[in-house]
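Residue-level structural notes
Now for the letters of each chain:
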Amino acid sequence: MRDTILAVIIVVNVLCGVLAYFIPDMGNYILLTIATAVTVLAIYDAFIQKKHSLMRAFPVVARLRWVFEEEREKIQQYFIEDDLNGTPINREKRSIVYQRSKREVETVPFGTQHNLYEKGYEFVKHSLFPKDHHHIEGEKVLIGSDKCTQKYNTSIINISAMSFGSLSKNAIMALNQGAKMAGFAHNTGEGGISPYHLQGGDLIFQVGTGYFGAGKSVKGKRVFDDAVFKENAVRPEVKMIEIKFSQGAKPGHGGILPAKKNTEEIAKIRAVEPHTTVDSPPGHSAFSNFDEMIVFIQRVRDLAEGKPVGVKFCVGDNEEIENMINAFAEANNYPDFIAVDGGEGGTGAAPLEFSNYIGTPLLEGLVFVNKTLKKYNLKDQIKIIASGKAIDAFDIIKYKALGADVIAMARSFMLSIGCIQARECNLDTCPVGVATQDEDLVEALVVGDKNIRVKNYHDKTVAAVKEVVAAMGKDSIADVKAKHIFRRNKAGDIDSLDTIYGLKEESLVS
Ligand SMILES: Cc1cc2nc3c(=O)[nH]c(=O)nc-3n(C[C@H](O)[C@H](O)[C@H](O)COP(=O)(O)O)c2cc1C
Ligand code: SF4
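All residue numbers refer to position in the chain's written sequence, counted from 1. Here every chain gets a letter starting at A, and every ligand a number starting at 1, in the order they are written. Residues qualify for local features only when their pLDDT is at least 70, as the model is predicted, and side-chain atom pairs are given and counted only at 80 or more; totals for whole chains, interfaces and linings, by contrast, use all residues. Side-chain numbers here rest on the full set of heavy atoms in the structure, without hydrogens or water.

Looking at an unreviewed UniProt entry, one finds the chain named FMN-binding glutamate synthase family protein and attributed to Tenacibaculum pelagium. UniProt positions are given in the numbering used here, feature names are shortened, and annotations may be inferred rather than shown by experiment. Annotation of the chain in UniProt includes, under Sequence similarities (unreviewed entry), the sentence "Belongs to the glutamate synthase family."

Okay, here's the thing in structure tokens:
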């Protein structure tokens with residue numbers, strides 16, 4: 001095959017040479033130059049380079065494979081995927097975020113594209129007596145147990161944790177300014193608080209295992225430090241503290257800041273070495289069992305002058321989670337909220353096995369935490385924040401019905417500021433300036449244009465939640481329970497979610 005390819009290339013080159021000799025115009029000279037360059041490339045591929053066997057066997061032609069490999073995502077997205085099968089977030093879901101963010105037409109023509117008779121199809125039932133959606137209650141939720149003195153009244157939708165480092169400064173500013181405009185909360189992510197987080201929006205200050213913004217390095221190890229933490233925690237913008245154990249995309253791994261994204265500025269904020277890959281440890285060094293954890297939560301709450309303190313994790317071993325909640329009950333001290341992240345959660349960078357095969361999916365994790373808190377009579381004290389591919393009003397209603405008080409969203413807010421799901425967040429090449437530290441790319445994201453989109457997406461999604469709840473004939477978002485949501489099973493019949501998840505008794509009494 002190699003000889004045939006080389007022969008064809010050389011023959012074409014010779015023909016171009018003959019053409020240029022007999023008809024000496026600019027077009028033919030350009031043709032000859034290209035043909036000669038291809039011949040040189042073919043000789044290089046076939047005889048000189050030794051790294052790629054495929055190129056030695058198929059000179060020049062094999063390079064097309066690399067081009068297609070490189071552009072595979074885009075080809076897939078632009079030419080192959082339909083509205084319902086793109087991953088991780090399908091086109092229909094992406095479109096609704098874009099439309100709500102830009103306040104564009106968000107109605108759909110001609111009828112649903114979903115197969116209503118397929119296994120897994122989910123829906124809610126409407127009432128013959130729908131309510132006026134303007135008067136639906138429950139869009140705000142008060143977080144704070146009896147241990148906390150500065151309770152926080154938050155929106156049912158907030159921006160989930162994403163650090164400066166993982167996201168660009170312009171992305172962080174747009175998110176924070178949008179949160180300020182609409183009056184909801186923005187989680188800092190585990191990378192600490194940067195000046196770009198301080199645009200006036202409410203903050204949930206996340207404390208990860210690297211203790212960035214909450215600790216220091218001692219003999220190469222990151223440790224929690226009361227003074228460093230307090231300085232950030234008492235800022236007026238900080239409304240709640242979230243101690244991160246794990247996230248669904250890489251539970252038990254710890255954060256990863258790729259060297260390319262670890263600029264001088266980010267390294268300074270995190271107090272680490274610039275241009276090196278920064279891996280946060282998988283676990284906390286400040287405590288090592290439930291008793292110490294409860295003491296730590298109270299220490300953090302005291303340092304934060306009574307602000308709500310929560311813990312975030314993706315559910316792993318159910319027994320371990322139950323033991324933790326039991327320990328809260330026995331100590332009569334507990335966090336003010338638990339943030340449950342689903343195994344389907346997003347990330348800037350994660351090892352494949354952790355992303356694909358570790359961690360309980362959100363629905364099962366959420367139901368388990370909700371049931372266990374109820375079992376130990378702690379549901380009134382500890383609120384649940386749920387995250388995992390919540391995009392539209394139905395997702396939010398479903399998670400709320402299964403026990404979430406508040407929903408945190410990461411990727412949908414990324415989409416609202418222009419993410420096109422190119423999935424290059426770990427390479428520093430994000431083409432729309434959302435997940436990169438490359439100055440030129442970052443400049444492409446205009447904060448003054450995107451901040452309003454964050455507000456629009458939040459406001460329009462909350463409005464859509466209210467419209468669905470009104471159509472169901474309920475007065476409040478909190479009135480929707482698992483028994484009101486239905487799913488088609490394998491046999492083609494319909495079950496309610498309280499039956500599927502064993503919540504029947506609870507939903508009847510709650
Ligand atoms: C770019 C990016 C960065 C993230 N950084 C963090 C982080 O610093 N801390 C954390 O707890 N979760 C982090 N997450 C996870 C999200 O906060 C969230 O839990 C998860 O993506 C599920 O929400 P989603 O499905 O709405 O994206 C990150 C997610 C993304 C996409
Ligand atoms: S556009 Fe691509 S690289 Fe940028 S944030 Fe979105 S998925 Fe990540």
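Right, picking up where we left off after that structure.
Quick look at the overall build of the chain
When helices and strands are tallied, the chain shows 18 helices and 17 strands. For the chain, the spread of C-alpha atoms along the principal axes amounts to about 90 × 65 × 45 Å. Burial classification: accessible surface area is computed with a 1.4 Å probe over protein chains only, and a residue below 20% of its type maximum counts as buried, one above 50% as exposed, and the rest as partly exposed. Relative to its full complement of 510 residues, the chain shows a buried share of 49%. Here the chain has roughly 23,900 Å² of accessible surface; of this, 56% comes from carbon and sulfur atoms. For the purpose of counting charges, residues Lys and Arg are taken to be positive, whereas Asp and Glu are taken to be negative. His and the chain ends are not included. The location of each charge is read from NZ of Lys, CZ of Arg, CG of Asp or CD of Glu. If you average the places of the 61 positive and of the 64 negative side-chain charges in the chain, the two averages end up 0 Å apart. Secondary structure elements are defined from DSSP: runs of H or I of at least 4 residues count as helices, runs of E of at least 2 residues count as strands, and each element is numbered from the N terminus. Per-residue and other accessible areas were derived by the Shrake-Rupley procedure at a 1.4 Å probe size, with only the shown protein chains allowed to occlude residues.

Brief notes about the site of ligand 2
Taken together, Met-414, Cys-419, Ile-420, Gln-421, Ala-422, Arg-423, Glu-424, Cys-425, Cys-430, Val-432, Val-434 and Ala-435 make up the full set of residues adjacent to ligand 2. Three classes are used, and their members are as follows: Ala, Val, Leu, Ile, Met, Phe, Trp, Tyr, Cys and Pro are nonpolar, Asp, Glu, Lys and Arg are charged, and the others, Gly among them, are polar. Along the lines of polarity and charge, the residues of the shell around ligand 2 split into nine nonpolar, one polar and two charged. Proximity criterion: a residue is near a molecule or strand once any of its heavy atoms comes within 4 Å of it.

A few points about the environment of Glu-190
Counting through the fold element by element, Glu-190 comes out in the loop between strand S5 (185-187) and strand S6 (202-207). The exposure class of Glu-190 is buried, given its relative accessible area of 8%. Taking the C-alpha atoms as reference, Glu-190 lies 6.6 Å from Phe-212; in sequence the two are 22 residues apart. In what follows, a contact means two residues having at least one pair of non-hydrogen atoms within 4.5 Å. Excluding anything up to four places from it in sequence, Glu-190 contacts Ser-163, Gln-206, Gly-208, Phe-212, Lys-244, Gln-247, Gly-255 and Ser-280.

Some details on helix H4 (residues 61-80)
A helix is expected to reach a length of 1.5 Å times the quantity of its residues less one. With 20 residues, H4 should reach 28 Å at 1.5 Å per residue; the first-to-last C-alpha distance of 23 Å falls well below that figure. Note on bend: at a given residue it equals the angle between the axes fitted to the 7 residues ending there and to the 7 starting there. Maximum bend of H4: about 65°, positioned at Glu-71.

Side note on the packing of helix H10 (residues 318-331) against helix H12 (residues 362-375)
The geometry of H10 relative to H12 is characterised by a closest axis approach of 10 Å and an angle of 35° between their N-to-C directions. The two elements H10 and H12 meet at a crossing, and its hand is right-handed. Residues Asn-318, Ile-321, Glu-322 and Ile-325 of H10 form the contact with H12, whose participating residues are Phe-368, Val-369, Thr-372, Leu-373 and Lys-375. In this description, a line fitted to the C-alpha atoms serves as the axis of each element, helices being fitted only across the stretch in contact, and the angle between N-to-C directions of two axes falls anywhere from 0 to 180 degrees. Crossings are classed by handedness, with left-handed meaning an anticlockwise turn of the near helix from the far one by less than a right angle and right-handed meaning a clockwise turn.

Points about the sheet that holds strand S17 (residues 494-496)
Two strands in a sheet stick together by hydrogen bonds in their backbones, pointing the same way (parallel) or opposite ways (antiparallel). The pairing criterion is simple: DSSP has to find at least two bridges between the two strands. Pairing is antiparallel across the open sheet formed by three strands, whose spatial order is S1-S16-S17. Each of the sheet's edge strands pairs with one partner strand only, and the pair in question is strand S1 (122-124) and S17. Along the sheet, successive strands turn relative to each other by an average axial angle of 30°, direction set aside. Relative to S17, strand S16 (residues 485-488) is paired through three bridges, and the arrangement is antiparallel. Note on S17: the bridge partner recorded for Phe-486 is Ser-496.

Details of the nonpolar core
With 115 residues, the main nonpolar core has Phe-229, Ile-241 and Phe-328 as its most contacted residues. Sort the elements by how many residues they give to this core and helix H16 (residues 447-471) lands first, with eight residues. Non-local contacts of Ile-241, meaning those with residues more than four positions away in its chain, are made with Phe-205, Val-207, Phe-229, Ala-233, Val-300, Ala-304, Pro-308, Val-309, Gly-310 and Phe-337. Residues belong to a common nonpolar core when they are buried Ala, Val, Leu, Ile, Met, Phe, Trp, Tyr or Cys residues joined through side-chain atoms within 4.5 Å.

Some words on unusual backbone geometry
Backbone geometry at Asn-332 places phi at a positive 50°, although glycine is not the residue there. We classify Asn-332 as partly exposed; its relative accessible area is 46%. Not every positive phi belongs to a glycine, and Asp-428 is a case in point at roughly 70°. For Asp-428, a relative accessible area of 12% corresponds to the buried category.

Digging into the domain arrangement of the chain
Where each domain begins and ends is defined by an automated method or by a domain database. As assigned here, the chain comprises domain 1 (2-80) and domain 2 (123-509). Placing a centre on the C-alpha atoms of domain 1 and another on those of domain 2 gives a separation of 50 Å. Opposite the four residues of domain 1 that make contact, domain 2 presents five residues. Between domain 1 and domain 2, roughly 330 Å² of surface is buried when both sides are summed, and carbon and sulfur atoms account for 28% of that area. Two parts lose some accessible area (1.4 Å probe) when they are put together, and adding that loss for both gives the buried area. The largest share of the area that domain 1 buries against domain 2 comes from Glu-73, Lys-74 and Gln-77, three residues that together contribute 91% of it. N or O atoms closer than or at 3.5 Å make up a polar contact, with two conditions inside protein: a donor-capable atom paired with an acceptor-capable one, and, for residues adjacent in sequence, both atoms drawn from side chains. The interface formed by domain 1 and domain 2 contains zero residue pairs in polar contact (both at pLDDT 80 or more). The residue inventory of the side of domain 1 that touches domain 2, partitioned by class, reads one nonpolar, one polar and two charged.

Points about the packing of aromatic side chains
The criterion for an aromatic pair is that two Phe, Tyr or Trp rings (for Trp, the six-membered ring) have centres within 6.5 Å, with stacked assigned to planes under 30 degrees apart, edge-to-face to planes over 60 apart and tilted to the rest. Applying the stated criterion to the full structure yields 12 aromatic pairs. Between the aromatic rings of Phe-413 and Tyr-457, the centroid separation amounts to 5.2 Å while the plane-to-plane angle is 80°, which identifies the pairing as edge-to-face. One end of the pair, Phe-413, is in helix H14 (residues 411-416); the other, Tyr-457, is in helix H16, with 44 residues separating them in the sequence. Note on accessibility: Phe-413 and Tyr-457 belong to one class, buried. Ring pairing ties together the aromatic residues Phe-205, Tyr-211, Phe-224, Phe-229, Phe-245, Phe-287 and Phe-296, which thus form one cluster. When the NZ atom of lysine or the CZ atom of arginine is within 6 Å of a ring's centre and also within 35 degrees of its normal, the charge is said to sit over that ring. The aromatic ring of Phe-486 is capped on one face by Lys-125, whose charged end is 4.1 Å from the ring centroid.

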